[in-house]
Amino acid sequence: MSEPEEELQGEQGDGTKRKKKKKKEKRGGKKEEKERREEEGSQQVEEEEEQRECIMLRGIFKLGKKSHDVLLTRTRLTWTPITPETPTAEPCALQPGVMLLQDVFAVKVKRRRAASQQTGGPVLGVALFCCRRRGMRMEDDTLHLNNASAEHTNTWYNTLKELLSGFTSRPRYLKVFINPSSHKKEAVHIYRDFVAPLFKMADVRTDITVTERKGHALSVMKECKLDEFDGVVCVGGDGSVAELCHAMVLRAQLDADSPEKPVKPVLPLGIIPAGSTDVISCSVHGVRDPVTAALHIILGHLQQVDMCSFSSLGQLVRFGFTAMFGFGGRSLARAEKKRWMPSSRRREYALVKSLARLRPEDCQLSFLPAKKSNKDLLDQDQDQDPESEGEESWTTNQGLYLSISIMSIPCLSPHAPQGLAPNTRLANGSAALIAVGNTTRSEFIKHLKRYSSSSGQFNFSFVETHDVSAVRIRPRSLTGWSREEDEEAVEEEEEEEESEGESKTSAIFQSEGATFPWNIDGELVEISNEVLIRVHPQLITLYGEEVDEAESAVSCSCI
């Protein structure tokens, strides 16, 4: 190789090295810039945390009989016992007590008063009312900070009140509906003894309506001035809750002048369980406990929840969370004929009777699979007509089904601790479709009994489950054997009632035209045509927190 060639090759090599060096320096600069930004971001987060945790007040209070050094920041209260030094001049290391302000719902000044004295009295200190968690249950508790200095106490009281007022999701004025007929007619007693004292302690004002008939809450909601309230509360069972949820969505449509499309209500709904099953309450609280439900409301714990719309021939039937066709609908229809029975006995009677006369429904089942990505589902037009997806997107089956259930919430309850639909969540934008095909009575009972255990209720060849965004159920005309069987069953029940001295009740099915019983949120709805169910993601806000499992299991003796 000649010298000019060697020089040229050397120059090219040096140029390549310089380019690589520049690229390396550039990458190094970007890396350093990224690290610098991350460091600045972490510093900013630390500064914000320090600012939040800066000590606002420090003072001496007695907790019980011991003096404590009490510190107050924007997020928490800590107290450490004051102990004398040991003979070796080494202070004792004691674990401080901690209380998060997010768990405090009220603060009051303590005073010593005579029995006949209503106001005034010497100051004793400050009382903080808070909630303590016991698993999924929440219990109210009180922390007493004792100090006889009026100035010191008032400073702490005013500061604590100011910090608590910063929790903007906490309600101050609630519209309360109480269904006095729920379950054992204990709703008024439950509200008066367990809920009202907590609302009063938290300075939550209420406007109460005791419903007198079915549909009363709906009529009140249509005319009520909702802009005065921070939330709505229902004291009752699943039927009362479903009626109020339906009323709130309809009212939101009315206010938005949008009769065709579902509109999300502005106000959240709180549920105080007072029914026989309370699956909606269990799904957002985990327990059937009025104190837990009341504390979720007071502390402003909010949960977005999916809802479904049920329509037939283009006409809205109602909004709700769950629907059962077939076995679930027929069981409820039989239970409604025995309203004179106690609720637990009525349910067991209807379950046994429906199992004894187990019959499949011949129908066409179509469903639209849910989007795999929850983000994609929420980003799409929630009110898009399922028909616009095209028939090729629907999956359609024709056959005999013992039971078809559509559930947009997991439906937790003591009878089914992991829920009737354990694979769905409160706000995943889809519903669980559980279709039970025709099978023997013994196999169907095995399927039902596994709901009370941990799993395995869907591990049958005749059970299929799908995550769906829409479902269409089109029953065949009841002009064949199924119509005759149902009329025969009704006649036999009426004959039994006459022999027992009971008054006759109207038949489940209308005399003119065939109707099918649906169980929609525990309410019997008779529909004669096909039904379209659509899922509306996060359509309503409920007070509570999503849970994975109900507190305990209760076995059913009838199966």
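Now for a quick tour of the structure.

Definitions and cut-offs
- Residues numbered from 1 in each chain as written.
- Predicted model: local features only at pLDDT ≥ 70, side-chain atom pairs only at ≥ 80, totals over all residues.
- Heavy atoms only, no water.
- Helix = DSSP H or I, 4+ residues; strand = E, 2+ residues; numbered from the N terminus.
- Contact = heavy atoms within 4.5 Å.
- Axes fitted to C-alpha atoms, helices over the stretch in contact; angles between N-to-C directions.
- Parallel < 35°, antiparallel > 145°, perpendicular 65-115°, else oblique.
- Left-handed = near helix turned anticlockwise from the far one by under 90°.
- Phe/Tyr/Trp six-rings, centres within 6.5 Å; stacked < 30°, edge-to-face > 60°.
- Buried < 20%, exposed > 50% of the residue type's maximum accessible area, 1.4 Å probe, protein only.
- Lys NZ or Arg CZ within 6 Å of the ring centre and 35° of its normal.
- Patch = residues over 30% accessible without salt bridge, like charges linked within 9 Å, V, L, I, M, F, W, Y side chains within 5 Å.
- Areas by Shrake-Rupley, 256 points an atom, 1.4 Å probe, with all protein chains shown as cover.
- Salt bridge = Lys/Arg side-chain N within 4 Å of Asp/Glu carboxyl O.
- Pairing = 2+ DSSP bridges.
- Right-handed = clockwise from strand over helix to strand, strands pointing away.
- Expected span 1.5 Å × (residues − 1).
- Arc of directions from axis to C-beta.

1. Observations regarding the side chain of S311
Consideration 1: Considering the arrangement of structural elements, one finds S311 in strand β12 (residues 302-312).
Consideration 2: Once you skip the residues sitting within four places of it in the chain, S311 turns out to touch L316, V317, E530, V531 and L532.

2. A closer look at the packing of helix α4 (residues 216-223) against helix α5 (residues 238-255)
When two helices pack together, their arrangement is given by the angle between their axes and by how far apart the axes lie.
Consideration 1: Closest axis-to-axis distance for the α4/α5 pair is 9 Å, and the angle between their directions is 25°. Comparing the axis directions of α4 and α5 gives the class roughly parallel. Read as a crossing pair, α4 and α5 show a hand that is right-handed. Across the interface between the two elements, H216, A217, L218, M221, K222 and E223 from α4 touch E243, L244, A247, M248, L250, R251 and L254 from α5.

3. What to know about the packing of aromatic side chains
Consideration 1: The full count for this structure, using the stated rule, is 7 aromatic pairs.
Consideration 2: For the pair F325 and F516, a centre-to-centre distance of 5.9 Å together with 50° between the ring planes defines the contact as tilted. Residue F325 is located in strand β14 (residues 322-326), and its partner F516 is located in strand β19 (residues 516-520); the two are separated by 191 residues in the primary sequence.
Consideration 3: When its relative accessible area of 3% is taken as the criterion, F516 is described as buried.
Consideration 4: A ring pair is formed by F325 and W518, whose centres lie 5.0 Å apart and whose planes are at 40°; its orientation type is tilted. Of this pair, F325 sits in strand β14 while W518 sits in strand β19, and the two are 193 residues apart along the sequence. As far as burial versus exposure is concerned, F325 and W518 are alike and both buried.
Consideration 5: A connected cluster of aromatic rings, assembled from ring pairs, spans F325, F516 and W518.
Consideration 6: One residue, R170, lies across the ring of F167, its end atom 4.2 Å from the ring centre.
Consideration 7: Above the face of the F177 ring, K175 is positioned so that its terminal group lies 5.4 Å from the ring centre.

4. Let's talk about helix α8 (residues 327-336)
Consideration 1: Burial within α8 is extensive, with 9 of its 10 residues counted as buried.
Consideration 2: Of the positions making up α8, those classed as buried are F327, G328, G329, R330, S331, L332, A333, R334 and A335.

5. Comments concerning unusual backbone geometry
Consideration 1: Despite not being glycine, D521 has its phi angle at roughly 55°, a positive value.
Consideration 2: Checked against the element boundaries, D521 lands in the loop between β19 and β20 (523-527).
Consideration 3: You can call D521 buried: its relative accessible area is 4%.
Consideration 4: Despite not being glycine, Q538 shows a phi value in the positive range, around 50°.
Consideration 5: Note that Q538 resides in strand β21 (residues 531-543).
Consideration 6: With relative accessibility at 25%, the residue Q538 sits in the partly exposed group.

6. Things to note about a nonpolar patch on the surface
Consideration 1: A surface patch of nonpolar side chains, amounting to about 210 Å² of accessible area, comprises V188, I208 and V210.
Consideration 2: Owing to a relative accessible area of 34%, V188 belongs among the partly exposed residues under this scheme.

7. Focus on the pattern of salt bridges
Consideration 1: Scanning all chains against the criterion turns up 15 salt bridges.
Consideration 2: Note that R132 is salt-bridged to D141, the shortest N-O span being 3.2 Å.
Consideration 3: Judged by its relative accessible area of 28%, R132 is partly exposed.
Consideration 4: Its relative accessible area of 31% is what places D141 among the partly exposed residues.
Consideration 5: Residues R330 and E361 are paired through a salt bridge, measuring 2.3 Å at the closest nitrogen-oxygen approach. On the criterion of sequence distance, the pair formed by R330 in helix α8 and E361 in strand β15 (residues 361-369) is long-range, its members being 31 residues apart. In terms of burial, R330 and E361 fall into one category: buried.

8. Here we look at the pairing of strand β9 (residues 205-210)
Consideration 1: Bridge analysis of strand β8 (residues 173-178) against β9 gives 6 bridges, and the strand direction is parallel. The residue bridging V176 from the neighbouring strand is I208, located in β9.
Consideration 2: Chirality of the crossover, the property in question, places the unit of β8, helix α3 (residues 187-201) and β9 among those that are right-handed.

9. Looking at the pairing of strand β10 (residues 231-236)
Consideration 1: Burial analysis of β10 places 6 of its 6 residues in the buried class, which makes it a mostly covered element.
Consideration 2: Of the two faces of β10, the one carrying G231, V233 and V235 and the one carrying V232, C234 and G236 are both buried.
Consideration 3: Relative to β10, β8 runs parallel, the two being bridged by 5 bridges. By the bridge assignment for β10, L174 is matched with G231.
Consideration 4: In terms of strand pairing, β10 meets strand β11 (residues 269-273) through 5 bridges, oriented parallel. If you follow V233 over to β11, its bridge partner there is G270.
Consideration 5: As a crossover connection, the stretch from β10 through α5 into β11 is right-handed.

10. Section: helix α2 (residues 150-164)
Consideration 1: The end-to-end C-alpha distance of α2 is 21 Å, a good match for the 21 Å that 15 residues give at a rise of 1.5 Å each.
Consideration 2: Looking only at α2, the buried set comprises T153, W156, T159, L160, L163 and L164. End-on, the buried residues of α2 take up no more than an arc of 135°, which puts them together on one face. Turned more than 90 degrees off the buried face of α2, the exposed positions are E151 and E162.
Consideration 3: For α2, the elements touching its buried residues are β1 (57-63), β2 (66-72), β3 (76-81), β5 (104-111) and β6 (123-134).

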